[in-house]
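Okay, here's what each chain looks like letter by letter:
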Protein chains: 2
Amino acid sequence: MLESNRREIEVMANLLSSNDTQAEINRAFFRKSQCLAINIIGSPGAGKTTLLEKTLPLLTKSLQVGVIEGDIFTSKDADRIATHDIPVIQINTGGGCHLDSKMVSKVLPEFDWNAMDLMIIENVGNLVCPADFDLGEAFKVIVLSIVEGDDKPSKYPVIFRNAKAVVLNKMDLEALTDVNMEIMKQDILAINPHIRIFEVSCRNGNGLSQWISWLNQEVLNFKDQNL
Amino acid sequence: MLESNRREIEVMANLLSSNDTQAEINRAFFRKSQCLAINIIGSPGAGKTTLLEKTLPLLTKSLQVGVIEGDIFTSKDADRIATHDIPVIQINTGGGCHLDSKMVSKVLPEFDWNAMDLMIIENVGNLVCPADFDLGEAFKVIVLSIVEGDDKPSKYPVIFRNAKAVVLNKMDLEALTDVNMEIMKQDILAINPHIRIFEVSCRNGNGLSQWISWLNQEVLNFKDQNL
């Protein structure tokens, strides 16, 4: 092994270990605040922000929700969420391809935690790198546009192995694509038999109520477990 | 600045500088071989492999073409290309989110360079990280599914700044999405006024002939410039 490769591997290991330490601090904070934190991961254009826009108005009837938006440069997604009158903080990674636990910890003081039930962290649009960085969330949720193709779960297995749920979005376009939903779902369950799968269309609203009621129940379960 | 941050920045700078050195060696090799090398970048499911499947049978009528397929784990894409009787080599990054110039240099000896006109390198499905790593290609081409949304160019500007062409794919789905093609194209040209834009549907074949004849001409131009 070259000296430069050895150094690179050491630095990467240190980076991940220091990320994990901060992630545990964040996790303890969320637990103490009785707030379920989730980390939403998906490719650019999978529909992460649109899913939040459809989910938040229904969730916030019963819950206090906050959003952390991760983006490389712009505040476009945070601006979209802010129009729904939800407390939202933008993190710009300045070129970085994923959020890390330190970036998240720095913005936590900007929220009012007295009655926060759910903190949704939308990661940078990327199906690869965010999978490796624990932010201190209770669990990860994948958003996958079915238009991306049924081979994606087996090509990007790490994130499917580490997530609690996957929202298969843009189901309204199914008939117009060559995607085989049975293969897609079988491959997802082969990687992670315990993952919860939701088939939705943010465009026509189909399937959203199951996703929202599941998420609502997860908030209640989290509070019960952390009384 | 923390000592660990300083070390991380140094290692990243060394990494990129050592990548650039190997990229120049690759570039000199492609030039000596009179072979145009291009680096295809896009999100998972943008349609990179499908574009190649549609392009190769028409290109190979007049040109010798080889393909390097970058993937995280599987050889699914290389298997698809191999059915077209094209020399193809798979690089598995083993979790890595992009190809680098050393990975590419290692597989170059596996091709026959006596009469190679075009080497197409399909990068890992990721719109962020591959933008930073020069592989020694003559230029980069982006494949973007319009279903991903018209805000994507302004949210991921680095790759649009560094590419010579962008193939806007899945145009057959335009009427069924909320994408505004004028905004998308304006934003792309605002980032990079010299970029060539192709609007195609790999599904129904629309627009492919312009892309293929442009690429064919680029091969001829490259050979003229490197006689």
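Residues numbered from 1 in each chain as written. Chains lettered and ligands numbered in written order. Predicted model: local features only at pLDDT ≥ 70, side-chain atom pairs only at ≥ 80, totals over all residues. Heavy atoms only, no water.

### Observations regarding the side chain of B:Thr93
All names here are of chain B. With respect to the helices, strands and loops of the structure, Thr93 is situated in the loop between strand 3 (88-92) and helix 4 (101-107). Only 2.6 Å separates the side chain of Thr93 from the backbone oxygen of Gly96, close enough to count as a polar contact. Other than its neighbours up to four places away in sequence, Thr93 contacts Asp71, Ile72, His98, Leu99, Met103 and Val124. (Helix = DSSP H or I, 4+ residues; strand = E, 2+ residues; numbered from the N terminus. Polar contact = N/O pair within 3.5 Å; in protein donor to acceptor, adjacent residues only side chain to side chain. Contact = heavy atoms within 4.5 Å.)

### A look at the pattern of salt bridges
Residues and elements named next belong to chain B. The final tally for this structure, using the stated rule, is 25 salt bridges over all chains. A salt bridge links Glu182 to Lys185; its shortest N-O distance comes to 3.7 Å. A residue pair is termed a helical-turn pair when its members lie 3 or 4 positions apart in one helix, as Glu182 and Lys185 do in helix 7 (residues 181-191) at 3 residues. Among the residues examined, Glu182 registers a relative accessible area of 47% and is labelled partly exposed. For Lys185, a relative accessible area of 18% corresponds to the buried category. (Salt bridge = Lys/Arg side-chain N within 4 Å of Asp/Glu carboxyl O. Buried < 20%, exposed > 50% of the residue type's maximum accessible area, 1.4 Å probe, protein only.)

### Looking at the sheet that holds strand 2 (residues 65-71) of chain B
Residues and elements named next belong to chain B. Taking strand neighbours across the sheet as the criterion, the 7 strands line up as 3-2-4-1-5-6-7 in an open arrangement whose pairing is parallel. Looking along the sheet, the strands with just one partner apiece sit at the ends: strand 3 and strand 7 (196-199). For this sheet the average axis-to-axis angle between neighbouring strands, irrespective of direction, equals 20°. Of the pairings in the sheet, the one linking strand 2 to strand 3 comprises 5 bridges and is parallel in character. Among the inter-strand pairings, Glu69 is bridged to a residue of strand 3, identified as Gln90. (Pairing = 2+ DSSP bridges. Axes fitted to C-alpha atoms, helices over the stretch in contact; angles between N-to-C directions.)

### A closer look at the sheet that holds strand 2 (residues 65-71) of chain A
All names here are of chain A. Across the sheet, 7 strands lie side by side as 3-2-4-1-5-6-7; this open sheet has parallel pairing. Pairing within the sheet leaves two strands with one partner each, and these edge strands are strand 3 (88-92) and strand 7 (196-199). Strand-to-strand twist across the sheet, computed as the mean angle between neighbouring axes with direction ignored, equals 20°. Where strand 1 (residues 36-41) lies against strand 4 (residues 118-122), 5 bridges are found, and the strand directions are parallel. By the bridge assignment, Ile38 is partnered in strand 4 with Ile120.

### Digging into the relation of the copies chain A and chain B
Note on the identical chains: chain A maps onto chain B by a rotation of 180° and an axial translation of 0.0 Å, with an RMSD of 0.0 Å. What we have between these two chains is a two-fold relation. Interface overlap between copies is the fraction of interface residues in one copy that are interface residues in the other; for chain A against chain B it reaches 98%, indicating a shared surface. (Least-squares fit on C-alpha atoms with pLDDT ≥ 70 in both.)

### A closer look at the environment of B:Asp20
All names here are of chain B. Assignment of secondary structure puts Asp20 in helix 1 (residues 3-32). According to the relative accessible area criterion, Asp20 is partly exposed, its value standing at 37%. The sequence separation of Asp20 and Lys102 amounts to 82 residues, and the corresponding C-alpha distance is 9.7 Å.

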